[in-house]
Amino acid sequence: MRNYTQFYIDGAFVDPITPKTAEVINPATEAVSGTISLGSEADVDKAVAAARRAFASWSVSTVAERIDLLGAILAEYERRERELGEAVTEEMGAPLSLGCGFHTLLGKGHIGTALEVLKTYKFEEERGVTMIRKEPIGVCGLITPWNWPMNQTCVKIAPALATGCTMILKPPQLAPYSAQILAEILHTAGVPAGVFNMIQGAGSVIGAALSRHKDVDMISFTGSEPVGVQIQKDAADTVKRVGLELGGKSAWIVLDDASMAANVAGATGGMMGNSGQTCSAGSRLLVPAARMEEAIAAAAGAANGVTVGDPTGNFAMGPVVSKSQYNIIQDYITKGIDEGATLIAGGPGRPEGIDKGWFVRPTVFVGNNDMVIAREEIFGPVLVMIGYDDLDHAVEIANDSDFGLGGYVSGEDLTVARDVSKRMRTGAIWVNGGFDFNAPFGGYKRSGNGREWGVEGFAEYVETKAIVGWNAAG
């Protein structure tokens, strides 16, 4: 049993101002795995005051000091990486191989990438008679989700530290353990008091208080579209910057070539990773209509081959994060059947032989782009496969969405894949499995605004100042 009932404020672990606790449920067993404290607006006021005080000195720290700090954080992160991965598995159900693999790798990668970007980042640039300065925006509220806890926490903390900002982290209530360990890592690495603060609790309380707070200069939020909209409304009165990474309904276009079936199988398996709980997941699989039967065989075989079970065992897929999420996914599966989609793998209920835990069957439908299961983000292991007539039709289907976060193209002709990628209205495209920590990530349309990852991620946390007359007119 984990007992994390203190917050991290002003360089120390402290009790909440008003004691209030909540139990954390292990999604694989439905048993209580620990207890956390739930913060209040008074805790937010305390943390913001600490961050504001610390900003005076941290904002003028040297690049060398920030490089040293990020290096120390990276070393301590690596020392406790296994512990972080085990916490991720326990809190949100990722298989241990994934929790101690890609989950923690992403967090480590963002810290290391920010460190490398910082070494050459231009905080000052002379342009004619003008000095252009990039200065830290100030006190930042960082609000993170439960589905990729280390990825979405470190991608905010690392560039905020690197640019000289101070911050208050509000981790997800459903996945609080890894954030608590991360706070310990930052403390041990020597983050100055007040630069990093963390308060556990409900988003409706802590997130709203941060968004409305007059002394918070910027909010970075990753999560659902409705919450992102509310944050913008809460932040409007204080005219603070708001960076949003929201939902997605990403299209995965498989080109019509000799590798079509293999690419369909790969896309289907990829969709089931992390139990489908990925905002940029390729949940709409677009395949050549003339080869639909071949695509169905490949997708059904891949989905049926995904092993589901105890995340501490040797299984490819664990549970979804909570009973609530399980019920939402089941409702979508039922909706897909009711609206006439063809079920080719999976379906309602738990996988055979499992009677406890929030496990979902890897599910694949064949449908069309007008169906609810193709329009709305399900956030579970549910894929809808849609046929296209030609590449113009494929791009049209891909772009016919309220969202625009991610996209995928798989095929043997790189020239064609590149052309298709350029025509897709979405913030990031992955061609044939490419991956890059320096690639900016963020959404078009209702998938959000701003960009994270790499050098573009620094822009979220800086203001641009022009000092005209810095140089004498020539």
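Right above here is the structure, for reference.
Below you will find a few notes about this structure. Since the model is a prediction, treat every value here as computed from it, not as a measurement.

For the rest of this paragraph, the subject is the overall build of the chain. When helices and strands are counted, the chain shows 15 helices and 23 strands. A compact globule built from 474 residues would reach a C-alpha radius of gyration of about 23 Å, and the chain, at 23 Å, matches this within 12%. Its C-alpha atoms give the chain principal-axis dimensions of about 65 × 65 × 40 Å. Looking at the chain residue by residue over its 474 residues, the buried ones come to 58%. Residue pairs in contact within the chain that sit at least 24 positions apart in sequence constitute 74% of those at least 6 positions apart. For the chain, the computed accessible surface area is about 18,200 Å², with 51% contributed by carbon and sulfur atoms. Positive and negative charge centroids in the chain, built from 39 and 55 side chains respectively, lie 5 Å apart.

This part is about empty space enclosed by the protein. Counted under the stated rule, the structure contains five cavities of 30 Å³ or more. Taken as a whole, the largest cavity encloses approximately 90 Å³ of empty space. Residue assignment for the lining of the largest cavity shows that the elements contributing at least two residues are helix 13 (391–399) and strand 18 (403–404). Of the residues contributing to the lining of the largest cavity, the split by class is five nonpolar, five polar and four charged.

Turning our attention to the nonpolar core. With 51 residues, the main nonpolar core has Ile73, Ile157, Leu161 and Phe196 as its most contacted residues. Here this core takes eight residues from helix 6 (residues 177–189), the largest share from any one element. Ignoring any residue separated from it by four or fewer positions in sequence, one finds Phe196 in contact with Tyr8, Ile157, Met167, Leu169, Ala183, Leu186 and Val191.

Below, the discussion takes up the sheet that holds strand 1 (residues 2–4). By way of backbone hydrogen bonds, the strands of a sheet pair with one another, either parallel or antiparallel. Spatial ordering of the open sheet is given by 1-5-4, a layout of three strands whose pairing is mixed. In this open sheet, the two strands that pair with only one neighbour each are strand 1 and strand 4 (21–25). Strand-to-strand twist across the sheet, computed as the mean angle between neighbouring axes with direction ignored, equals 20°. In the sheet, strand 4 pairs with strand 5 (residues 32–37) via five bridges, with the strands oriented antiparallel. Bridge pairing in strand 5 links Glu23 to Thr35. Sitting on the sheet, helix 6 touches strand 1, strand 4 and strand 5, and the angle it makes with strand 1 is about 60°.

Our focus in this paragraph is the sheet that holds strand 14 (residues 284–288). Spatially, seven strands are ordered 15-16-17-14-13-19-20 in an open sheet, and the strand pairing comes out mixed. One side of each edge strand has no neighbouring strand; the edge strands of this open sheet are strand 15 (342–345) and strand 20 (428–431). Neighbour-to-neighbour, the strand axes of this sheet turn through a mean angle of 25°, independent of strand direction. Packed on one face of the sheet, helix 11 (residues 323–338) meets strand 15, strand 16 (363–366) and strand 17 (382–388) and runs near 30° to strand 16. Contacts from helix 13 reach strand 13 (251–254), strand 14 and strand 17 within the one sheet, and its direction differs from that of strand 17 by about 145°.

Rules used in this analysis
- Residues numbered from 1 in each chain as written.
- Predicted model: local features only at pLDDT ≥ 70, side-chain atom pairs only at ≥ 80, totals over all residues.
- Heavy atoms only, no water.
- Helix = DSSP H or I, 4+ residues; strand = E, 2+ residues; numbered from the N terminus.
- Rg over C-alpha atoms; globule rule 2.2 N^0.38 Å.
- Buried < 20%, exposed > 50% of the residue type's maximum accessible area, 1.4 Å probe, protein only.
- Contact = heavy atoms within 4.5 Å.
- Areas by Shrake-Rupley, 256 points an atom, 1.4 Å probe, with all protein chains shown as cover.
- Lys, Arg positive; Asp, Glu negative; His and termini not counted.
- Charge placed at Lys NZ, Arg CZ, Asp CG, Glu CD.
- 1 Å grid on protein atoms, 1.4 Å probe; cavity = no way out; pocket = protein on both sides within 12 Å on 5 of 7 lines; lining within 4 Å.
- Points joined across faces, edges and corners; volume = space filled by probe spheres on them.
- Nonpolar A, V, L, I, M, F, W, Y, C, P; charged D, E, K, R; others polar.
- Core = buried A, V, L, I, M, F, W, Y, C linked by side-chain atoms within 4.5 Å.
- Pairing = 2+ DSSP bridges.
- Axes fitted to C-alpha atoms, helices over the stretch in contact; angles between N-to-C directions.

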